[in-house]
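Take a look at the letters that make up each chain.
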Amino acid sequence: MPEPTADFTAALGTALAGVDTADARALWRALGVGGVVAALCPDGGNQPDPRRLATLLTELDARCPLGVTLSVCVQVATVLPLLSEAATAGPVAETVAGMVRGETVVALAVTDAGASGSDLLDATTRAKLGDDAVTLDGGKEWITNATTCHAALVLARHREPRHFTSFCWLLVPISTPGVTVEPTGRAFAGSGVGHLRFDGVALEPNALVGRPGRALAGFARQVGVERLASALWSRAICRRLLTGLGEWLRARPAADGTLWDHPAVREQYARCLVALCQLDALCAPLLDGPPGPPSTVTGMVLKVAAAETVETIAAEAVHLRGADAFRDGGEAALRTEAAMFGIAGGATGTMLAGLADHADDLLRSGP
Ligand SMILES: Cc1cc2nc3c(=O)[nH]c(=O)nc-3n(C[C@H](O)[C@H](O)[C@H](O)COP(=O)(O)OP(=O)(O)OC[C@H]3O[C@@H](n4cnc5c(N)ncnc54)[C@H](O)[C@@H]3O)c2cc1C
């Protein structure tokens, strides 16, 4: 049985007390030392419990810049489960132990420099697998934790056919000769987002994570947990935005009282509440479900719903707050960064194309 959420919340509160919440590495260490990373997965499993994941993301969202929450999110939802599943001994098992203690940060390097992020089958980052060595060449772009990580979990092509069995995972220490890191710019402060290049990177055969040929199928499955995480996190952002907006509207003087008294303003606000209730309703059955990925269709529905709900509510928060939305750290800046919910981990257009392919299933029984 999972621990009661209250215990998890208390451990999380203790871990976060006094930590610099703008420093993703310090935060990750605090979560590890406080036992929060270990406690996310019940019964010694590899997958985060959905309620604990929701609690973690809500607490981080309340305290950290978006980029810092992103840094934690990708590690707990995707990297750690993928590595844990493959960890038996050697560097992979050591890395998992280091992550759980909060000492090791690992980036997920999937989006390829040589192909559209929505089309992984055309990825050009290549691994030559030999008996005594593995060589990696290529590049990965827009990788969270790239500038702050100790290692990257890299999706690489080891066979030429354009087929999902042509890919493997490699665990690449970032200090290996031939690895270069370039920050992407100032957006997403704290996320460590950057580009990675691999030029003739020589690795030991034990850098392979899991069996070659299984990587893409494993990722396609695990990304469902990242999509659930993105819905749970975006729900927290929407709730935070609407709470702040409601307080502000009630305090903002208008001719006959406050802005909250205007029927048109109240109606716009209520539309946002409905959008949030719809997202809550989609997430509710998954919160009490078992840890692990939802179905592919459910993952895609969650991803689109999360992106569109954040966009609707952030846009309305900017609209209703007027010039005040442009203060430092205001809703206008958040709205720009929150656009990533429609891109990272699966662009909305790609999700919609996938959902159209499943139209008959969805119409028959829903997600
Ligand atoms: C803040 C941030 C953090 C990120 N972190 C990571 C990370 O940690 N690891 C990682 O591997 N990647 C990461 N990414 C990259 C992200 O996963 C990709 O940006 C995403 O997969 C989309 O790929 P793309 O940007 O190449 O867009 P493209 O795939 O080129 O798509 C561009 C547009 O075309 C549309 N489109 C493309 N293909 C189709 C299709 N088949 N049908 C319909 N429409 C389509 C999409 O809707 C999209 O709007 C991150 C991105 C951001 C912004």
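On a predicted model such as this, the values are computed, not experimentally measured, just so you know. (Residues numbered from 1 in each chain as written. Predicted model: local features only at pLDDT ≥ 70, side-chain atom pairs only at ≥ 80, totals over all residues.)

**Observations concerning the overall build of the chain**
For the chain, the count of helices and strands is 12 helices and 10 strands. Its C-alpha atoms give the chain a radius of gyration of 21 Å, within 12% of the compact-globule value 21 Å for 367 residues. Across its three principal directions, the C-alpha atoms of the chain cover 80 × 50 × 45 Å. For the chain, the residues scored as buried account for 43% of the 367 residues in total. The long-range share in the chain, meaning contacts at least 24 apart out of those at least 6 apart in sequence, stands at 72%. (Helix = DSSP H or I, 4+ residues; strand = E, 2+ residues; numbered from the N terminus. Rg over C-alpha atoms; globule rule 2.2 N^0.38 Å. Buried ≥ 20, exposed ≤ 12 C-beta atoms within 10 Å, placed from the backbone. Contact = placed C-beta atoms within 7 Å.)

**Observations concerning the nonpolar core**
Ranked by internal contacts, the top residues of the largest apolar core, which has 112 residues, are Leu153 and Leu170. The greatest single-element share of this core, amounting to 15 residues, is contributed by helix α7 (residues 215-251). In contact with Leu170, not counting residues within four places along its chain, are Ala127, Val134, Leu136, Val154, Ala156, Leu203, Ala207, Leu208 and Val209. (Core = buried A, V, L, I, M, F, W, Y, C linked by C-beta atoms within 7 Å.)

**Notes on unusual backbone geometry**
A positive phi angle, close to 55°, is found at Trp142, a residue other than glycine. Checked against the element boundaries, Trp142 lands in strand β3 (residues 134-143). The backbone of Asn145 sits at a positive phi, close to 75°, despite the residue not being glycine. Mapped onto the elements, Asn145 comes out in the loop between β3 and β4 (151-157).

**Notes on the site of the ligand**
The ligand sits among 22 residues. The nearest are Val110, Gly117, Ser118, Thr144 and Gly349. Residues that form the shell around the ligand fall into these classes: 13 nonpolar, nine polar and no charged. (Near = placed C-beta within 6 Å. Nonpolar A, V, L, I, M, F, W, Y, C, P; charged D, E, K, R; others polar.)

**Concerning the domain arrangement of the chain**
When cut into domains, the chain gives domain 1 (5-100), domain 2 (106-213) and domain 3 (217-365). Of note, the centres of domain 1 and domain 2, computed from C-alpha atoms alone, are 23 Å apart. At the junction of the two partners, domain 1 supplies 21 residues and domain 2 supplies 17 residues. Mapped by element, the contributors of at least two residues to the side of domain 1 that touches domain 2 are α2 (24-33), α5 (66-86) and α6 (90-100). For the side of domain 1 that touches domain 2, the leading source of residues is α5, giving 12 residues. (Domains from an automatic or database assignment.)

**A look at the packing of α5 against α7**
Put simply, α5 and α7 touch, their axes get as near as 9 Å, and they point 150° apart. Taken together, the axis directions place α5 and α7 in an arrangement best described as roughly antiparallel. As α5 runs across α7, the sense of the crossing is right-handed. Of the residues in α7, those in contact with Thr69, Cys73, Val74, Ala77, Thr78, Pro81 and Leu82 of α5 are Gly218, Gln222, Val223, Val225, Glu226, Ala229 and Trp233. Class assignment for the residues of the contact of α5 with α7 results in nine nonpolar, four polar and one charged. (Axes fitted to C-alpha atoms, helices over the stretch in contact; angles between N-to-C directions. Parallel < 35°, antiparallel > 145°, perpendicular 65-115°, else oblique. Left-handed = near helix turned anticlockwise from the far one by under 90°.)

**Describing the pairing of β4**
Counting buried positions along β4 gives seven out of seven residues, so the element sits mostly inside the fold. Side chains of β4 alternate between two faces, with Ala151, Leu153, Leu155 and Arg157 and Ala152, Val154 and Ala156 buried alike. By the bridge criterion, four bridges tie strand β1 (residues 106-109) to β4 in an arrangement that is parallel. By the bridge assignment, Ala109 is partnered in β4 with Val154. (Pairing = 2+ DSSP bridges.)

**Concerning the pairing of strand β5 (residues 167-173)**
Within a regular strand, the side chains alternate between the two sheet faces. Across the seven residues that make up β5, a large majority, six, are buried. Examined bridge by bridge, β4 and β5 share seven bridges and lie antiparallel to one another. Looking at β5, one finds that Ala151 is bridged to Pro173. Alignment of β5 against strand β8 (residues 208-209), held across two bridges, turns out to be antiparallel. Considered in β8, the bridge of Leu170 is made with Leu208.

**Quick word on α6**
Considered for burial, the residues of α6 that qualify are Val92, Thr95, Val96, Met99 and Val100. Looking down the long axis of α6, one finds its buried residues gathered within 135° of arc, a one-sided arrangement. After α6 finishes, the residue Gly102 shows a positive phi value of roughly 80°. (Arc of directions from axis to C-beta.)

**Some remarks on the packing of α7 against helix α9 (residues 296-321)**
Where α7 contacts α9, the axes come no closer than 8 Å and their chain directions differ by 20°. Comparing the axis directions of α7 and α9 gives the class roughly parallel. α9 is crossed by α7, and the crossing has left-handed handedness. In terms of residue class, the contact of α7 with α9 is made up of 18 nonpolar, six polar and three charged.

**Here's the deal with the environment of Ala353**
The topology assignment puts Ala353 in helix α11 (residues 348-357). In this structure Ala353 comes out as exposed when scored by C-beta crowding, with 12 C-beta atoms within 10 Å.

**What to know about the environment of Leu228**
Turning to its location among the elements, Leu228 is positioned in helix α7. Judged by the 28 C-beta atoms lying within 10 Å of it, Leu228 is buried. Measuring from C-alpha to C-alpha, the distance between Leu228 and Leu302 comes to 6.4 Å, with 74 residues separating the pair along the chain. Not counting chain neighbours up to four residues away, the residues in contact with Leu228 comprise Pro50, Leu286, Pro294, Gly299 and Leu302.

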